[in-house]
Structures are given as structure tokens and as C-alpha cells.
Amino acid sequence: MNILKNIKRHYNIRGGYKEFLKIAMPMCISMGVSSFQLFADRIFLSYYSQASYAASIPAGSCIVGLISLFLYTLAYVDVFVAQYCGKKEYRSIGPAVWQSVYLSVVAAFIILVFSLFTEQIFTNIGHPNAVALEEIKYFKTLCYGSFFAIATPALSGFYTGRSKTRIVLYVTACSVISNIILDFVLIFGKFGFPEMGITGAALATNISFVVTFITYVFLIVSKKNKNIYNTRQLRPDFTFMKRLLKYGFPNGVTVFFDIIAFGILMIIIGTIGVSELTASNIACSAYHIFFMPIVGGNIATSVIVGNYLGRNEASVAQIGVRSAFQIVYSYVAILVFVIMLLPNLLIAPFSFGAQAASIDTVGHMAVNILRLFVVYLIFDPAYNVFSSAIKGAGDTAFVAKRIIFASIFLMMIPTYLIVVVFKLGVYAAWIFAWVYSIFLASSCYLRYKSNKWKKMRVVEMDVIDG
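These remarks concern the structure in this document. (Residues numbered from 1 in each chain as written. Predicted model: local features only at pLDDT ≥ 70, side-chain atom pairs only at ≥ 80, totals over all residues. Heavy atoms only, no water.)

**Some remarks on the side chain of Ser68**
The cut-off we apply is this: Comment: elements are numbered from the N terminus, with helices defined as DSSP H or I runs of at least four residues and strands as E runs of at least two. Each residue's exposure class comes from its accessible area (1.4 Å probe, protein chains only) as a fraction of the maximum for that residue type: buried when under 20%, exposed when over 50%, partly exposed otherwise. Whether two residues are in contact is decided by their heavy atoms: any pair within 4.5 Å suffices.
Following the sequence through the fold, Ser68 ends up in helix H4 (residues 50–74). A relative accessible area of 2% places Ser68 in the buried class. Not counting chain neighbours up to four residues away, the residues in contact with Ser68 comprise Thr73, Gly252, Val255, Phe256 and Ile259.

Okay, structure coming up:
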């Protein structure tokens, strides 16, 4: 009874469950839905050909990792928006968002230059020739749409930073629906369109980002937003751009190394064989779709922390972090139960199409890999919550340094030794994900408990309440 009373009390207080869920639920659903952008590609490609499907995750992981460096650098504008909102400097919000869009142009140009080396990258990583050719097509086509992939999340910061996450959910849902329809049409060549295979999958994703970008621009420049948030002030502000890069770039580096660590892990596993790569692809895709709501919770945590720090109310921000931790782990408990007892439900979508012929061989392997994820799942959400909390204050450099170390010395190098040098197989390769998650969770928890984040801000403050 006391437990229920405590839950009810914590539900209604500032920073409590109610406030967190109000922000987090639309973002959790939105992130879960948005993960279908590439997940839908993989599902349709699994019906198209095994080579296309096997290529989709290594190439997809590489492009997501590359784009994430810029995307999460510029999407960090949502923390600026949250702190401006808490500080009630509403007229600074619109111009701040546009600076992230301008920087997206520079980021897209860098990615297009990088795409010139696509053939050299994928023809030298040891994958079968048929898979490598598909990886090249997929990666290069997604590079062409990089501006919209980066600028769209930056624009969504206008809403997430102000806790208006329901709008983000609606826009994301429309984007994903268009992506799914275009996948079907362009991959298989329906309704008079040519059959484009994996190139069509990438093109469908690009078009869906274009639609989302246009939608956000139309909403943001409305007359109401112009009057309150100064959203038609389009003049470049290089001082703000420098400040955004100061705090946002370490945030981008953090996500970049996290994704690249797993992307390289998949590439190394691909050198074992197609079956091992396919099983790992299936396990990762199934796991990823259910983990994405936790990423939505991360965004909510950073927004709550940023907003209350903007108000100089660090104690309420701390309540918000506690709420995030407890709710996230309630979800994790359910996910662990499903993985351990009902793993076949998670891999069922891959039991048809082009994968049907090989699912009997790789299905058992995919289930075993999923179960290996459970230890990782116990620690990784703690890292996500506590790192999001301190990043919401501006402590992005600390997290970046830790993840660079962990990615190189606890994931990439050990995996290479395990698979290539000692040839211990696919299961041994995944065990180092445990060490990786334990290190990051403990590091960010200790940093959070030091309370240094309570005195940090990304926007200028007259007085900071210690």
C-alpha cells in the first residue's frame, strides 16, 4: 500500500512520472516508429534477396554512424531550446533552430565528399562480392539524401525542446508511412516504376525525409510561431553556431562512436560467413526496434533537465532523472521477459520472403544472439538515462571521452582479436558488448552522482543556483 502511495505521489509532482510520460510517450512511440525507416527497408529486402538483406545492416549501420556524427551534433539544439524555454527567452528559440539547419548544409557536403570513397570501403572489408555490391548501392544512395536526414531532426528540436513531442510523433508517423509505401513500390517495381532493389529502398528513405523536412518548415514558420518564437528570423548567427558546436559536437561524437562500434562489429562478423551475418542482422533488427523507445526516453530526460536548469531548479531536474530511470527499467523488465521466454516472436517477421529458406539455419543462432543481449540490456539503459541527464546540462565532453575509449578498447579491438585472430566464433564476438555497456553505465552514473552537472548550462545565465 505504501508503494502505491509513493507511486501516486511521485506521479503528480514536478519532474514526476506524469511530466516525464507526457514528454516521453510521444517520443518513445515516435522513435519506435522512426526506427521503421531502415527496418522497413530490411523487411522488404528480406523478401527481395538474401544478398540485399545481408548488405542492408552493415551499410545501413555505416551510413547511420556517419550521419549521426552530424545529426546528433545539430539535434542538440533541443537542449538549447529547452534551456531557453525554461529561462523564458522565447525569441531566441526560432533563430537557434535555423542555425542548426545552416550547419546541416555543411554536414551534407562533407558526407557527399566521403561518399566518393564508397567503392574502396566496401570492396575491401572481406564480404562476398554480391553483398559488397549491394552495400555500395545502399550506402551511396543514402548519402545523397544526407541533408534532409540531418536537418529534419534539427528542426524537430523546435518542438522537442519545448516538450511539444506529440507533433513530432504525428510528423514522424506520416514520414514512416510514406517510406513503407515507397519501399514496396520502388524495391519491387510496382505501379509502372522500375524494379530498383536495394537502391529503391534507399531512395524511399530519402524521399520520406524530404517530405518530413518540408512539413516541419511549413509548421515552424507559421504566423503564431513567428510572433512568439521569432521563427522567421533567418539571419546566420556564427556566435551561436560556435556555441552549438561546442556542446553539440561531443554529443555527435558520442553517438557516432556507439554506432560505428556496432557497425564494425557487424562487419567483422560478416567475415565469418553469410549465415552468421544474417543471424546477427536479424537479432540486431529485432532488438533495435524494441530498444528505440528507450532512446525517446533519453530525449525526454535531456529536455526535462535542460528546462529545469534553465529555471535554476536543479533539484526538480534530479526528480525528473529519477522518474526516467524507474520508468525505463519498468519497460526493460518487460523486454527482458520477452527476449528470454518468447524470442521467436521477435524474429517472426524474418521468417518469410527471401529469408524463409535460411531461417531454419540461422533462426536458432539469431535467438541465441538475442539472449546474449539481455546482459547488455540490463546496463545500457542506465548509461542512456544518466548520460542523457548530464548531456541535458551540457556535460557532453565527458560522455564523448568515455565512449571513444570504450568503443576502441572494449569493443572494436577485442572483437577483431576474438573473431579474426583467435577465430572463436560469432557468440564470443557479442560478449564484449557486455563489458562495453557495464563500463559506460558505471562511468556516467558516477559522473551524475558527482552533481557537477547541476552547475552547468549551455545558455548564458545571470545567476546559477548551486
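Let's pick the thread back up.
**A word on empty space enclosed by the protein**
Short version of the rule: Put plainly, a pocket is an open set of points on a 1 Å grid over the protein atoms alone with protein on both sides within 12 Å along at least five of seven lines, a cavity is a set where a 1.4 Å probe fits but cannot get out, and a lining residue has an atom within 4 Å of a point. Grid points are joined across faces, edges and corners, and a volume is the space filled by probe spheres set on the points.
Applying the stated rule across the entire model yields two cavities of 30 Å³ or more. Put simply, the second largest cavity is a space of about 30 Å³. Ile369, Leu372, Phe373, Tyr376, Trp430, Ala433 and Trp434 are the residues that line the second largest cavity. Those elements giving two or more residues to the lining of the second largest cavity turn out to be helix H17 (356–391) and helix H19 (426–449).

**Notes on the layout of surface pockets**
Of the voids in this model, the largest pocket is the one considered here, and its volume is about 410 Å³. Contributions of two or more residues to the lining of the largest pocket are made by helix H2 (17–34), helix H10 (165–188) and helix H14 (274–310). Looking at which element gives the most residues to the lining of the largest pocket, the answer is H2, with five residues. There is about 340 Å³ of room inside the second largest pocket.

**Side note on the pattern of salt bridges**
To keep it simple, the criterion reads: Salt-bridge detection follows one rule: a side-chain nitrogen of Lys or Arg within 4 Å of a carboxyl oxygen of Asp or Glu.
What the rule picks out here adds up to five salt bridges. Here Glu313 makes a salt bridge to Arg14, at a shortest N to O gap of 2.4 Å. Pair noted here: Glu313 is in the loop between H14 and helix H15 (314–341) and Arg14 is in the loop between helix H1 (2–12) and H2, with a separation of 299 residues, a long-range link.

**Some thoughts on the packing of aromatic side chains**
As a reminder, the rule being used: By convention, a stacked pair of Phe, Tyr or Trp rings (six-membered ring in the case of Trp) has centres within 6.5 Å and planes under 30 degrees apart, an edge-to-face pair has planes over 60 apart, and any other such pair is tilted. We call a charge positioned above a ring when the Lys NZ or Arg CZ atom is no farther than 6 Å from the ring centre and deviates by at most 35 degrees from the ring normal.
Following the criterion strictly, the structure yields 28 aromatic pairs and no others. Where Phe373 meets Tyr376, the ring centres are 6.3 Å apart and the plane angle is 65°; that geometry is what we call edge-to-face. Taken as a pair, Phe373 and Tyr376 lie in helix H17 at a separation of three residues, close to a single helical turn. Through a chain of ring-to-ring contacts, the aromatic side chains of Phe325, Tyr329, Phe386, Tyr445, Tyr448 and Trp453 assemble into a single cluster. Positioned above the aromatic ring of Phe158, the side-chain terminus of Arg162 is 4.3 Å from the ring centre. When the ring centre of Tyr229 is taken as reference, the NZ or CZ atom of Arg162 above it lies at 4.4 Å.

**A look at a nonpolar patch on the surface**
Quick note on the threshold: Residues enter patches when their relative accessible area tops 30% and they take part in no salt bridge; the joining distance is 9 Å for like charges and 5 Å for the nonpolar side chains Val, Leu, Ile, Met, Phe, Trp and Tyr. Values of accessible area rely on a 1.4 Å probe in the Shrake-Rupley scheme; residue burial ignores everything except the protein chains shown.
Side chains of Phe405, Phe409, Ile413, Tyr416, Leu417, Val421, Phe422 and Leu424 sit close together on the surface and give an oily, nonpolar patch of about 780 Å² of accessible area. As for its placement among the helices and strands, Ile413 is situated in helix H18 (residues 396–421). Here Ile413 falls in the partly exposed class, since its relative accessible area comes to 40%.

**Considering the packing of H18 against H19**
To describe two helices that pack against each other, one gives the angle between their axes and the distance between the axes. For clarity, the threshold we go by: Here the axes come from fitting lines to C-alpha atoms, over the contacting stretch only for helices, and the angles between their N-to-C directions go from 0 to 180 degrees. Angles are sorted into four bins: roughly parallel if under 35 degrees, roughly antiparallel if over 145, roughly perpendicular if 65 to 115, and oblique for all others. Should the near helix be turned anticlockwise from the far one by less than a right angle, the crossing is termed left-handed; should it be turned clockwise, right-handed. Residues are grouped as follows: Ala, Val, Leu, Ile, Met, Phe, Trp, Tyr, Cys and Pro are nonpolar; Asp, Glu, Lys and Arg are charged; every other residue, Gly included, is polar.
At a closest axis distance of 9 Å, the pairing of H18 and H19 adopts a crossing angle of 165°. Relative to H19, the element H18 lies roughly antiparallel. When the axes of H18 and H19 are compared, the crossing they make is right-handed. Looking at the contact of H18 with H19 residue by residue, the class counts come to 19 nonpolar, three polar and two charged.

**Remarks on the environment of Lys246**
With respect to the element layout, Lys246 can be found in helix H13 (residues 238–270). For Lys246, a relative accessible area of 55% corresponds to the exposed category. Distance from Lys246 to Val458, taken between C-alpha atoms, is 9.3 Å for residues 212 residues apart in sequence.

**Overview of the side chain of Ser146**
Relative to the elements of secondary structure, Ser146 occurs in helix H9 (residues 146–160). Owing to a relative accessible area of 1%, Ser146 belongs among the buried residues under this scheme. Those residues within four positions of Ser146 in sequence are excluded, and the remaining contacts are Ile67, Ala108 and Ile111.

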